[in-house]
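A closer look at the structure
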Amino acid sequence: MSVINEDSVFTSLQQHGPLAVEENIRIHEPFSSATRLWVKNICKNRLNATKYRALRNQIFAFLDISSFAQLDELLKSPHTQAARSKRACALLGNMFGLNGTSREIEARVHQYARTADAVINSLKVKILRQYSSYIASTNEIEVANDPVGLLLIMFDNRYSKKARFEARRKVVLMSLAGSIDQRETETATEEKFSNFLHFLNKYVWSNSLKIGELETVFLHSKHSKTDFSCTEVCPISPQMAEKITLAPDSKLTLIKRRRFVSGKHEIPIYVSIRKKQPEAKVLKLLRKNEKNPSIAVDDELGLMAVLDSVADIKVFQDHLVRSASKADSFMALEDISDTLTGKLPYKSSSTGSSSKTEMLKFFARLGGMRVEFIIHTNQSWLNYMYKHDVAHDEYEVKRIFDSGVMELLFPEDIYHLNHKKIRSELINHFRRQIT
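The structure reproduced in this document is the subject of the present report. Just so it is clear, the model here is predicted, and its values are computed rather than measured.

Regarding the pattern of salt bridges
Using the criterion set out here, one finds 28 salt bridges in the structure. The salt bridge partner of Glu 334 is Arg 370, with a shortest N-O separation of 2.9 Å. One end of the pair, Glu 334, is in strand β6 (residues 332-338); the other, Arg 370, is in strand β8 (residues 369-377), with 36 residues separating them in the sequence. A residue is classified by how much of its surface remains accessible, and Arg 370, at 24% relative accessible area, is partly exposed. Here Glu 394 and Arg 431 are joined by a salt bridge, their closest N and O atoms 2.8 Å apart. Of the two residues, Glu 394 sits in helix α16 (residues 392-402) while Arg 431 sits in helix α19 (residues 419-434), which places them 37 residues apart along the sequence. On the accessibility criterion, Glu 394 (1% relative accessible area) is buried. When its relative accessible area of 22% is taken as the criterion, Arg 431 is described as partly exposed. What you see here is one network of salt bridges that share partners, running through Lys 356, Asp 389, Glu 394, Lys 398 and Arg 431.

A word on unusual backbone geometry
Backbone geometry at Asp 328 places phi at a positive 65°, although glycine is not the residue there. Checked against the element boundaries, Asp 328 lands in the loop between α14 (310-326) and β6. With relative accessibility at 74%, the residue Asp 328 sits in the exposed group. Residue Asp 335 is not a glycine yet carries a positive backbone phi of 50°. With a relative accessible area of 53%, Asp 335 lands in the exposed category.

Description of the pairing of strand β3 (residues 250-262)
The pairing of strand β1 (residues 215-223) with β3 spans 8 bridges and is antiparallel. Bridge pairing links Leu 219 to Thr 253 in β3. In terms of strand pairing, β3 meets strand β4 (residues 265-275) through 6 bridges, oriented antiparallel. Across the sheet, Val 261 pairs through a bridge with Glu 266, a residue of β4. Turn length for the β3-β4 hairpin, with the two strands adjacent in sequence and antiparallel, is 2 residues, and the turn residue Gly 263 shows positive phi of about 65°.

Concerning the packing of helix α9 (residues 161-187) against helix α12 (residues 278-287)
Relative orientation of the contacting elements α9 and α12 amounts to 115°, with a least axis distance of 9 Å. Regarding the angle of α9 to α12, the classification is roughly perpendicular. You can see that α9 and α12 cross each other, and the crossing is right-handed. Two secondary-structure elements touch here, α9 through Leu 173, Leu 176, Ala 177, Ile 180 and Glu 184 and α12 through Pro 278, Lys 281, Val 282, Leu 285 and Leu 286. Within the contact of α9 with α12, the residues separate by chemical class into 8 nonpolar, no polar and 2 charged.

A word on the nonpolar core
Leu 63, Leu 128, Leu 173, Leu 286, Leu 409 and Phe 410 are the most contacted members of the largest nonpolar core, which has 71 residues in total. Top element by residues in this core is α9. It accounts for 9 residues. When sequence neighbours within four positions are dropped, the list of residues in contact with Leu 63 reads Leu 71, Leu 74, Arg 84, Val 148, Leu 151 and Leu 152. In terms of nonpolar packing, the next biggest core, distinct from the first, is built from 28 residues, Phe 260, Ala 305, Phe 362 and Met 369 among them.

So, how was this worked out
Residues numbered from 1 in each chain as written. Predicted model: local features only at pLDDT ≥ 70, side-chain atom pairs only at ≥ 80, totals over all residues. Heavy atoms only, no water. Salt bridge = Lys/Arg side-chain N within 4 Å of Asp/Glu carboxyl O. Helix = DSSP H or I, 4+ residues; strand = E, 2+ residues; numbered from the N terminus. Buried < 20%, exposed > 50% of the residue type's maximum accessible area, 1.4 Å probe, protein only. Pairing = 2+ DSSP bridges. Axes fitted to C-alpha atoms, helices over the stretch in contact; angles between N-to-C directions. Parallel < 35°, antiparallel > 145°, perpendicular 65-115°, else oblique. Left-handed = near helix turned anticlockwise from the far one by under 90°. Contact = heavy atoms within 4.5 Å. Nonpolar A, V, L, I, M, F, W, Y, C, P; charged D, E, K, R; others polar. Core = buried A, V, L, I, M, F, W, Y, C linked by side-chain atoms within 4.5 Å.

Here it is in structure tokens:
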């Protein structure tokens, strides 16, 4: 489901919907022709009317007012605003299950604001870097961490339409950040990540290397001229790489590998281990059109591995199961998807993903954790990095645009961007960077 359709759970951010931010606030003109038309339009859809009433009541309860008419008085009284801010942080602390002093809870709420800013900045510095000046947040909004202050900006005609929209956007993103923080606390994500690293270092990786010690190699690869898919790949030493003159259809890709022991053999493996950052989880909630992290974010802990061959991958899977047994835990492999042979199309519910993607993907349940494993051969990983329609940078562009998140966070009528044109330009840009 697109995040910008009429059934979206993020109706309050939609600029094409009944709750769109307008050029001016009209809450003091309840009987004007514009207000009458707005009421008529919102009442055409019962769900929108219900959402509006729920949102209005939440705002009143949060600001401790009973009508919009009281907003003027609140806007003119910094002392009252400060008192309402303290009350609001206490309310949020109870809602998200935060413990500590009022100052500690306030700091946690302000961290949600920084996560909201990180969501926008993560897009600005990577996928949308070429358009960073277009989507940069208004200074006054970026430095605001108080949810009451942000809510009041939404109803303050002294602020521009863009600033009022960004205040609303930040409040919504802060709410998602709070839900994610609550989920991480409930599931002890930090502790599980630490336990997972300990499991890998003690039971999975070879003792012949120190913890964190990596061996540098290069993947010397040749690629198709049509879609830049990998046709041939060979791991070589850094010394050999220095002697190679690259042809237009070839690449040298540096990787740093660990080892694991199987029988009498040590098998090299490139590994990337991650704990999904809060801003990435917020974006995933938006893409999935979901406000509940327990439903939408099932890949908090993850490991991506690259091995020389499919045979090595099978050995690694067996090694994982045996290693879990040594750690006194059974390991169950769940939701297995294997498209490494290329005979079966990759099936994913994720918007923007390509059926041409080749990988082994599964979730491993062990030691009270559920970890996502994505495993590649050297060739499939290079396709994941470089192949047209499959490369990860392309995938990120497609999913942010095709899910409707780009329109939700940076609506065209406010940021004056042609999303369809930008999507095409960015895909071409990343392809040019590869070749």
